[in-house]
Amino acid sequence: MNTICRKFSGCLAVAVATLLPATLPASASENVVAPSAGDLAAAVSVAAQPDAIGLARSNFRQVDHIEPRRITMGEKGFPVYTLNPDFVRGVAGAPAGMLRSVAVTATADSGQKATLQAMPEGPGKWVAASVFSGNDEETLSGRIRPDSVLLNEPQINGWYELRPDGVVLLQASLPQSPVGKLVPLSEYQRNVHGRYADKMPGSDYQRDGGIGFAQAAAPPAVNTGLPVSIVAGLIAAGVAGVAIVLFAVWRRRTLTPR
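Residues numbered from 1 in each chain as written. Predicted model: local features only at pLDDT ≥ 70, side-chain atom pairs only at ≥ 80, totals over all residues. Heavy atoms only, no water.

Student: Help me understand the environment of V192 in this model?
Tutor: Its place among the elements puts V192 in helix α6 (residues 185-196). Accessibility expressed as a relative area gives 0% for V192, which makes it buried. Residues V192 and P85, 107 residues apart in the sequence, show an inter-C-alpha distance of 9.6 Å. When sequence neighbours within four positions are dropped, the list of residues in contact with V192 reads L83, F87, V88, E153 and A197. (Helix = DSSP H or I, 4+ residues; strand = E, 2+ residues; numbered from the N terminus. Buried < 20%, exposed > 50% of the residue type's maximum accessible area, 1.4 Å probe, protein only. Contact = heavy atoms within 4.5 Å.)

Put into structure tokens, the structure is as follows:
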């Protein structure tokens, strides 16, 4: 089973997000609506199924090079939102985030952790879609306020606390704002519009072969001597200069696809 960089694979989730059910607030200044208790319970239940545990086992084999005798799945799900393309475009009333998945932490008997992503596959139905190394979603969810949600800007592997009045950067491989600083939603919208609006599907950037906001597949590996994660992240973020990314990327996580 192939492995690909978590940083780049996050870019793929934006396209998937447009297919996910989500209740949209009336204004981008309002918080997005969380999954129901029933949806969270269904997602956690899916994570405990044998195929989901098998995905986690594959991740531990590939990333941590271990063969767990036992894998314990968490009993709590953590909703994860991804940057909304309509918010980037500036569509009136579009929330900043769209529900992407519910994250459930898997723990090997040796202590290593991985994160299973349960994604909706129709009303009331969830599926184990992928497994990432580490448990960033659980850790970062513990740092946000009760009225906030966890928002991912996948092009920079950025994680934000999305509040009703703005976003606070928690961590990123390529930070575009200071960690811990509240950025009003209006300012954040202008920022992401400037970064990605010309790279949306149907843009000249995409037609000319660039990797845009909703790239459907990873590009072929190029023998540059750099990790694929850095190369892909560089392209996806639309920045120039390998040196910048080399200093900015602070860690890599690996994805085991379904």
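Student: I keep staring at the packing of aromatic side chains and nothing clicks. Help me out?
Tutor: Any pair of aromatic rings gets described here by the distance separating the centres and the angle formed by the planes. Scanning the entire structure with this criterion turns up two aromatic pairs. With centroids separated by 5.2 Å and ring planes inclined at 55°, the aromatic side chains of Y160 and Y188 adopt a geometry described as tilted. Here Y160 is found in strand β8 (residues 158-163), whereas its partner Y188 is found in helix α6, with 28 residues between them in sequence. With relative accessibility at 2%, the residue Y188 sits in the buried group. Each residue in the set F87, Y160 and Y188 is aromatic and connected to the rest through ring pairs, giving one cluster. (Phe/Tyr/Trp six-rings, centres within 6.5 Å; stacked < 30°, edge-to-face > 60°.)

Student: What is the right way to read the side chain of N84 from this model?
Tutor: Relative to the assigned elements, N84 resides in the loop between β3 (78-83) and α4 (85-89). For N84, the residues in contact, after removing those within four places along its chain, are A94, P95, A96, G97 and M98.

Student: In this structure, what is going on with the pattern of salt bridges? I would like to understand it.
Tutor: Oppositely charged side chains can pair when the atoms bearing their charge come close. One pass over the full model with this rule turns up ten salt bridges. Linking E121 and K125 is a salt bridge whose minimum nitrogen-to-oxygen distance equals 3.6 Å. According to the relative accessible area criterion, E121 is partly exposed, its value standing at 41%. E153 is the salt-bridge partner of R195, the closest N and O atoms lying 3.0 Å from each other. Of the two residues, R195 sits in helix α6 while E153 sits in strand β7 (residues 149-153), which places them 42 residues apart along the sequence. In terms of burial, R195 and E153 fall into one category: buried. (Salt bridge = Lys/Arg side-chain N within 4 Å of Asp/Glu carboxyl O.)

Student: Teacher, can you tell me more about the environment of E67 here?
Tutor: Positionally, E67 belongs in the loop between α3 (50-64) and β2 (71-73). The exposure class assigned to E67 is partly exposed, which follows from its relative accessible area of 48%. Taking the C-alpha atoms as reference points, E67 and A108, 41 residues apart in sequence, are found 8.8 Å from one another. In contact with E67, not counting residues within four places along its chain, are R57 and R61.

Student: Explanation requested: the nonpolar core in the structure shown.
Tutor: In a soluble, globular protein the nonpolar side chains are often hidden away together inside. Judged by nonpolar contacts, the single largest core of 43 residues is most densely connected at L116, L162, V167 and Y188. Looking at this core element by element, the count peaks at five residues for strand β4 (residues 97-108). In this structure V167 touches L151, Y160, E161, L162, K181, L182, V183, L185 and Y188, once residues within four positions along its chain are discounted. (Core = buried A, V, L, I, M, F, W, Y, C linked by side-chain atoms within 4.5 Å.)

Student: Would you explain the confidence of the model for the protein chain in this entry?
Tutor: Predicted coordinates in areas of low pLDDT are best not read in detail. Confidence in the prediction for the protein chain averages 78 pLDDT; 69% of positions are at 70 or higher. Ignoring residues within four places in sequence, the model shows residues 1-29, a span with pLDDT below 50, making 89 contacts including any to other chains. Segment residues 214-252: pLDDT under 50, and 54 contacts once partners within four positions in sequence are set aside and those in other chains are kept. (pLDDT = per-residue confidence, 0-100.)

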